[in-house]
Amino acid sequence: ERDDLLSMGERALFIEHPTDLSNRPKLNQISKWDTYWADVNKIPYTVTGPYLKALFDKAFIDGLHHPMQRPTAEEWETALLKTTDLMQQCSNIYCDQKWYVFDNTSIPKCPFCGTSHKGTLPILDLYYQFQPSVWKPENHRLMVYNNQYLFQWHVNRNIIRNEKLTAEQKIPVGYFTFHETKWVFVNQKLTSLVDKTEEKEIPIGSMVELTDGKKLLLSKEDGGRVILITLANK
Ligand SMILES: [Zn+2]
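None of the values given here were measured: they were computed from a predicted structure.

1. Side note on the coordination of the zinc ion
- Looking at the zinc ion, the protein donor atoms are C90 (SG), C95 (SG), C110 (SG) and C113 (SG), and they sit 2.3 Å from it.
- What the four donor atoms of the zinc ion show is an angle range of 99 to 113 degrees at the metal, which sorts the shape as tetrahedral.
- Going along the chain, you hit the donors of the zinc ion in the pattern C-x4-C-x14-C-x2-C.
- With a relative accessible area of 9%, C90 lands in the buried category.

Here it is as structure tokens:
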């Protein structure tokens, strides 16, 4: 009993600690229903993506014995929402999971079934205006797939994705689609969308091609973001 208390208390150790492997799950002690997820070599916690991985590290490594260092509920919420922007559909129709979190590699593949991503993959990095001519990355990335939507909370940093959104703010402002061998964004609601690379306004009802290195200003309003496009898996 004292052993149990110690292992859950002062001697507790994250089962997926990156360097101390002594508390790894023992697969011969796991019920057959749980073996799929229990094999941490096959499916490590890092499949949850970069935002959640950082919080798991904070909670179970840095903060395990120091509760004050653990992430707040708000940090978890933000990380979960940002992670939904990293989701990609697996092209293997027999895949158990169907969707996975993009792993930030240049040649992505599904971590569950190993199927490589097919075709080019646009990655959109969000930037905010720090000073009149200084734009800074927000550590927020939006992965594109066919019929992926863009929302107000991507466009303007003053609009936060939470339960206070109005019905109007929940309506997509446009969508991404693969159109005649090109990735494009179709503008449905953005009144001041500008292709900064070609210095061209993109009016509502028209589309803009997503090309490697292109910058799009999503809104001229205060808080309006720029997205920088990278085409991965070329
Ligand atoms: Zn898969």
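2. Here we look at the layout of surface pockets
- Computed from the structure, the largest pocket encloses a volume of approximately 440 Å³.
- If you trace the largest pocket, you find 17 residues lining it, with T78, L81, K82, I160 and R161 closest to the centre.
- Looking at the lining of the largest pocket, the elements that each hand over two or more residues are α4 (73-84) and β4 (134-143).
- A per-element tally of the lining of the largest pocket places α4 first, with five residues.
- Space inside the second largest pocket adds up to approximately 270 Å³.
- In this structure, the second largest pocket is lined by 16 residues; those nearest its centre are Q88, Q89, H117, K118 and Y145.
- The residue inventory of the lining of the second largest pocket, partitioned by class, reads six nonpolar, nine polar and one charged.

3. With respect to unusual backbone geometry
- You will see that N139, though not glycine, has its phi angle at about 55 degrees, which is positive.
- By secondary structure assignment, the location of N139 is in strand β4.
- At N233, a residue that is not glycine, the phi angle is positive and equals roughly 60 degrees.
- Among the residues examined, N233 registers a relative accessible area of 17% and is labelled buried.

4. Considerations on the pattern of salt bridges
- If you walk through the whole model with that rule in mind, you get 11 salt bridges.
- Note that E75 and K58 form a salt bridge whose closest N and O atoms lie 2.9 Å from each other. On the criterion of sequence distance, the pair formed by E75 in helix α4 and K58 in helix α3 (residues 50-62) is long-range, its members being 17 residues apart.
- Between D212 and K234 there is a salt bridge whose closest N-O contact spans 2.8 Å. Linking D212 in the loop between β10 (207-209) and β11 (215-217) with K234 in the segment after β12 (226-232), this pair joins segments that are 22 residues apart in sequence.

5. Quick notes on the domain arrangement of the protein chain
- When the domains of the protein chain are assigned, the result is domain 1 (2-84) and domain 2 (121-232).
- Centre-to-centre separation of domain 1 and domain 2, based on C-alpha positions: 34 Å.
- At the junction of the two partners, domain 1 supplies five residues and domain 2 supplies seven residues.
- Summing the contributions of domain 1 and of domain 2, the shared interface buries around 470 Å²; its carbon and sulfur component is 38%.
- Considering only the surface of domain 1 that becomes buried against domain 2, Y51, L81 and K82 emerge as the three largest contributors, covering 79% of it.
- Taken together, the links from domain 1 to domain 2 amount to zero salt bridges.

6. Considerations on the nonpolar core
- Core analysis: the largest hydrophobic core is formed by 19 residues, its most contacted members being L150, F176, F185, L190, L210, L216 and L218.
- Of all the secondary-structure elements, those providing two or more residues to this core are β3 (121-131), β7 (182-187) and β12.
- Core analysis: the second largest hydrophobic core is formed by 11 residues, L52, A79, I123 and A232 among them.

7. Points about the environment of D222
- Here D222 shows up in the loop between β11 and β12.
- Apart from the residues lying within four places of it in its own chain, the contact partners of D222 are N156 and N158.

8. Quick notes on the pairing of β4
- Pairing analysis gives seven bridges linking β3 to β4, with the strands arranged antiparallel. Bridged to D125 within β4 is R141.
- What sits between β3 and β4 in their antiparallel hairpin is a turn of two residues.

Definitions and limits used
- Residues numbered from 1 in each chain as written.
- Predicted model: local features only at pLDDT ≥ 70, side-chain atom pairs only at ≥ 80, totals over all residues.
- Heavy atoms only, no water.
- Donors = N, O, S within 2.8 Å, 3.2 Å for Na, K, Ca; no water.
- Tetrahedral: all angles 85-135°; square planar, octahedral: opposite > 155°, others 65-115°.
- Buried < 20%, exposed > 50% of the residue type's maximum accessible area, 1.4 Å probe, protein only.
- 1 Å grid on protein atoms, 1.4 Å probe; cavity = no way out; pocket = protein on both sides within 12 Å on 5 of 7 lines; lining within 4 Å.
- Points joined across faces, edges and corners; volume = space filled by probe spheres on them.
- Helix = DSSP H or I, 4+ residues; strand = E, 2+ residues; numbered from the N terminus.
- Nonpolar A, V, L, I, M, F, W, Y, C, P; charged D, E, K, R; others polar.
- Salt bridge = Lys/Arg side-chain N within 4 Å of Asp/Glu carboxyl O.
- Domains from an automatic or database assignment.
- Contact = heavy atoms within 4.5 Å.
- Buried area = accessible area lost by both parts, 1.4 Å probe.
- Core = buried A, V, L, I, M, F, W, Y, C linked by side-chain atoms within 4.5 Å.
- Pairing = 2+ DSSP bridges.

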